[in-house]
Amino acid sequence: MRKAGSMTEAKKLFIKTYGCQMNVYDSERMAQAMGAEGYVLTEVQEDADMVLLNTCHIREKASEKLYSDLGRLKPLKAARPDLKVGVAGCVAQAEGDEIIRRMPLVDIVVGPQAYHRLPQLVRQGGSAVDTEFPAEDKFDHLPERKTEGRPTAFLTVQEGCDKFCAFCVVPYTRGAEVSRPVERLLKEARDLVAKGVRDISLLGQNVNAYHGQGPDGDWTLSRLLREMAAIPGLDRLRYTTSHPNDMDDDLIAAHGDLPALMPYLHLPVQSGSDRILKAMNRKHTAEQYLRLIERLRAARPDLIFSSDFIVGFPGESDADHQATLDLIRAVNFGSAYSFKYSARPGTPAAEKAPVEDEVSDARLQELQALITAQQRATQEAMVGRVVHVLYEKVGRKEGQMLGKSDHLHAVHVDDPTGRIGQMARVKITASMTNSLSAVPVTG
Ligand code: 5AD
Ligand code: SF4
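Bear in mind the structure is a predicted one, so any value in this text is a computation, not a measurement.

Participant: It is not clear to me how the overall build of the protein should be interpreted in this structure. Could you clarify?
Facilitator: When its secondary structure is counted, the protein shows 14 helices and 21 strands. Computed over C-alpha atoms, the radius of gyration of the protein comes to 22 Å, within 12% of the 22 Å expected from 2.2 N^0.38 for 443 residues, which places it in the range of a compact globule. Overall, the protein is about 60 × 60 × 50 Å in size when its C-alpha atoms are taken along their principal axes. Looking at the protein as a whole, 54% of its 443 residues are labelled buried. Across the protein, every contact between residues at least 6 apart in sequence was considered, and the portion connecting residues at least 24 apart equals 72%.

So this is what it looks like as structure tokens:
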């Protein structure tokens, strides 16, 4: 979309995105849809003609954030009654018009399957909360992708989830699994590459369950990856988020076969206790997860793994928690997200007695300390190595470029002649808390 200032009377849109990468992608697409209506993005909420909150429902805290942010918008709306306030995303899907009843300052509520109707809703006012809409219709009606000169892009290939983990709202908020057709995805990927994108992350709530319609029947994710890896100029591919049970043989093999498939994989396990995994309805054991990691490492030895963990799931004992720590030690993760269990209305686990707060807090701290130590060690091990970094931004310091390595580490490179979109060979010189430092390697 155009930058603010390119049109004198352009209206300004402020978007706040909560939650996952899918929401980041969706916000970008909504910004472009509103761009066609003459809206330009602003980073300053007070300047906006429209404020759009793209929400997340995954944990209670994420959900409640919407209401505190809406509360803070009250004075702005009171001062400027013509300010439009929209709520999008998974809270919009889960709570629908209830949001307007609770917070009358909200003008528009739009669920994730109805984003293509946002411009019309803004013109008319009102709400569209739609779970039934087939995903492709939405993508059909959104304007063509713009990349703003960025060398990286997300590409949603699949939405929804049929797994029904006992703690999770996603199957209810994002609905059943829908995979987008192969031809459209290949076209979108080629178009992105033609616009200068060199690194594409395929997105889906359960991305490795992808089974999209191809020219000769259903395609798996590995087939899609193999085809995309052959697009000239597309140097890097990633995919997220995967379920261990959908990691099929060919997808594992693809990690060994495709140099463009980057050696970093986010593979949530949630717990290392078989008892808890069963109660979570994960349908795999800790041992099966460890064997899977082994097979993936056999295919691509330099793979770095990340994961998601929940502590304090109902019924979790100290022994269960220790089993999770054992699994973490056995895998040695490069990073991980960990969360305290949050009971979500309507999910099976919400019926069960919770673990005491202080116990969960202590377990979370212990788990995070272990992950932090593994992350640090993984980063330290990169120091001295020569790696590729795709420059995404100019760094804060003079003469510095910022980008990602193959292993998805954020890397600051002292490179005054560097330019955005360049794939640089660099030598890692130091490891900081959440990033690496490097200098270019010539020749
Ligand atoms: N409580 C805590 N964490 C949750 N997640 C999903 N649902 C819940 C919940 N009810 C976590 C899982 C998932 C990640 C996206 O969020 O770890 O993988
Ligand atoms: Fe939620 Fe992921 Fe389980 Fe699906 S696989 S229910 S999205 S945690």
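Participant: Teacher, can you tell me more about the pairing of strand β3 (residues 50-55) here?
Facilitator: Side-chain direction in a regular strand flips from residue to residue, so the side chains alternate between the two faces of the sheet. Counted residue by residue, β3 has six buried out of six residues, so it is predominantly covered. Burial of the side chains of β3 extends over both faces: M50, L52 and N54 are buried on one face and V51, L53 and T55 on the other. Where β3 lies against strand β4 (residues 84-88), five bridges are found, and the strand directions are parallel. By the bridge assignment for β4, M50 is matched with K84.

Participant: So what exactly am I meant to see when it comes to the domain arrangement of the protein here?
Facilitator: One frequently used descriptor of interface size is the decrease in accessible area upon assembly of the parts. What the domain assignment reports for the protein is domain 1 (2-130), domain 2 (140-378) and domain 3 (386-440). The straight-line distance from the C-alpha centre of domain 1 to that of domain 2 is 27 Å. Of the roughly 2300 Å² buried between domain 1 and domain 2, counting both surfaces, carbon and sulfur atoms make up 56%. Between domain 1 and domain 2 we count eight residue pairs in polar contact (both at pLDDT 80 or more) in total.

Participant: Would you mind going over the packing of helix α10 (residues 249-257) against helix α12 (residues 286-299) with me for this structure?
Facilitator: Think of two packed helices as two axes; the pair is described by the angle between the axes and how far apart they sit. At a minimum axis distance of 7 Å, the contact between α10 and α12 shows a crossing angle of 40°. In this view, α10 runs oblique relative to α12, as classed from their interaxial angle. Counted together, D249, I252, H255 and G256 of α10 and L292, R295, L296 and A299 of α12 form the full contact between these two elements. In the contact of α10 with α12, the residues fall into four nonpolar, two polar and two charged.

Participant: Help me understand the environment of E64, please; the structure alone is not making it clear to me.
Facilitator: Here E64 lies in helix α2 (residues 60-79). Taking the relative accessible area as the measure of exposure, E64 reaches 36% and is therefore partly exposed. Considering only alpha carbons, one finds E64 and V91, 27 residues apart in sequence, at a separation of 9.4 Å.

Participant: Got a minute to help me understand the site of ligand 1 in this structure?
Facilitator: In the vicinity of ligand 1, the contacting residues are I58, R59, F167, Q270, D308, I310, F339, K340, Y341, S342 and R344. One of the side-chain N or O atoms of R59 is found 2.8 Å from an oxygen atom in ligand 1. Residue D308 places a side-chain N or O atom 2.6 Å away from an oxygen atom belonging to ligand 1. In the complex, 87% of the free accessible area of ligand 1, which totals 410 Å², lies under the protein chains. Elements with a contribution of two residues or more to the shell around ligand 1: β15 (304-311) and β16 (335-340).

Participant: Any chance you could explain the UniProt feature "domain: Radical SAM core" (unreviewed entry) in the protein here in plain terms?
Facilitator: In this structure's numbering, the residues bearing the UniProt feature "domain: Radical SAM core" (unreviewed entry) are residues 147-377. End-to-end, the C-alpha atoms of residues 147-377 are 35 Å apart, and along that stretch the chain is 39% helix and 19% strand.

Participant: Just checking my understanding: could you explain the pattern of salt bridges for this structure?
Facilitator: Oppositely charged side chains are able to pair whenever their charged atoms sit close together. If you walk through the whole model with that rule in mind, you get 31 salt bridges. In this structure, E64 and R102 form a salt bridge, with 3.6 Å as the shortest nitrogen-oxygen distance. Of the two residues, E64 is situated in helix α2 and R102 in helix α4 (residues 98-102); the sequence distance between them amounts to 38 residues. Residue class for R102 comes out partly exposed when judged on its relative accessible area of 44%.

Participant: How do you make sense of the sheet that holds strand β1 (residues 11-17) when you look at a structure like this?
Facilitator: Adjacent strands of a sheet form backbone hydrogen bonds with each other and so pair up, either parallel or antiparallel. Read across the open sheet, the six strands follow the order β2-β1-β3-β4-β5-β6; overall the sheet is parallel. Since the sheet does not close on itself, it has two edges, and those belong to β2 (39-41) and β6 (126-128), each with one partner. The mean inter-strand angle of the sheet, taken between neighbouring strand axes irrespective of direction, is 20°. Where β1 lies against β3, five bridges are found, and the strand directions are parallel. Opposite K16, over in β3, you have L53 as the bridge partner.

Participant: Can you help me understand the side chain of T156 in this one?
Facilitator: Looking at the secondary structure, you find T156 in strand β7 (residues 152-156). Judged by relative accessible area, which is 1%, T156 ranks as buried. Every residue in contact with T156, bar those within four places of it in the chain, is listed here: M22, Y25, F139, R180, L185 and L203.

Participant: Explain the UniProt feature "domain: MTTase N-terminal" (unreviewed entry) in the protein here, please?
Facilitator: Listed under "domain: MTTase N-terminal" (unreviewed entry) in the UniProt record, and renumbered for this structure, are residues 11-127. Each end of residues 11-127 is marked by a C-alpha atom, and these two atoms are 21 Å apart; helix forms 46% of the span and strand 22%.

Participant: Before we go on, may I ask you to explain the sheet that holds strand β10 (residues 199-203) in this structure?
Facilitator: Across the sheet, three strands lie side by side as β7-β10-β13; this open sheet has parallel pairing. Lying at the two open borders of the sheet, with one neighbouring strand each, are β7 and β13 (236-240). Mean inter-strand twist for the sheet, computed between neighbouring axes without regard to direction, equals 20°. Sheet topology places β7 next to β10; five bridges connect them, and they run parallel. Residue pairing across strands places F154 opposite S201, the latter belonging to β10. Its contacts with the sheet put helix α1 (residues 21-35) on β7, β10 and β13, and the angle it makes with β7 is roughly 100°.

Reading guide: rules and limits
- Every chain's residues receive numbers from 1 upward, in the order its sequence appears when written.
- Lettering of chains starts at A and numbering of ligands starts at 1, both following the order in which they are written.
- Under the rules for a predicted model, residues below a pLDDT of 70 receive no local features and side-chain atom pairs below 80 are neither given nor counted, while totals for whole chains, interfaces and linings still include all residues.
- Calculated side-chain values reflect all of the structure's heavy atoms, with hydrogen atoms and water omitted.
- Secondary structure elements follow DSSP: runs of H or I of four or more residues count as helices, runs of E of two or more count as strands, with numbering from the N terminus.
- Atoms counted for the radius of gyration: C-alpha only. Globule rule: 2.2 Å times the number of residues to the power 0.38.
- Think of it in three bands: residues with accessible area under 20% of the maximum for their type are buried, residues over 50% are exposed, and the middle band is partly exposed, with areas taken using a 1.4 Å probe on protein chains only.
- Working rule for contacts: check all heavy atoms of both residues, and any pair within 4.5 Å makes them a contact.
- Pairing between strands requires that DSSP locate at least two bridges from one strand to the other.
- Bear in mind that the domain bounds are from an automatic or database domain assignment.
- Once two parts are put together, the accessible area they lose, assessed with a 1.4 Å probe and summed over both, is termed the buried area.
- Here a polar contact is recorded for every N or O atom pair within 3.5 Å, except that within protein the pair must consist of a potential hydrogen donor and a potential acceptor, and residues adjacent in sequence are included only if both atoms are side-chain atoms.
- Simply put, an axis is a line fit to the C-alpha atoms, just over the touching stretch for a helix, and the angle between two N-to-C directions goes from 0 to 180 degrees.
- Geometric relationships in this document are graded by angle, where less than 35 degrees denotes roughly parallel, more than 145 denotes roughly antiparallel, 65 to 115 denotes roughly perpendicular, and other angles denote oblique.
- As a working rule, the residues Ala, Val, Leu, Ile, Met, Phe, Trp, Tyr, Cys and Pro are called nonpolar, Asp, Glu, Lys and Arg charged, and the rest polar, with Gly in that last group.
- Here, proximity means that at least one heavy atom of the residue falls within 4 Å of the molecule or strand.
- For the area figures, the Shrake-Rupley method with a 1.4 Å probe applies, and any residue is considered shielded solely by the protein chains shown.
- UniProt positions are given in the numbering used here, feature names are shortened, and annotations may be inferred rather than shown by experiment.
- Salt bridges are defined by distance alone: a side-chain nitrogen of Lys or Arg within 4 Å of a carboxyl oxygen of Asp or Glu.

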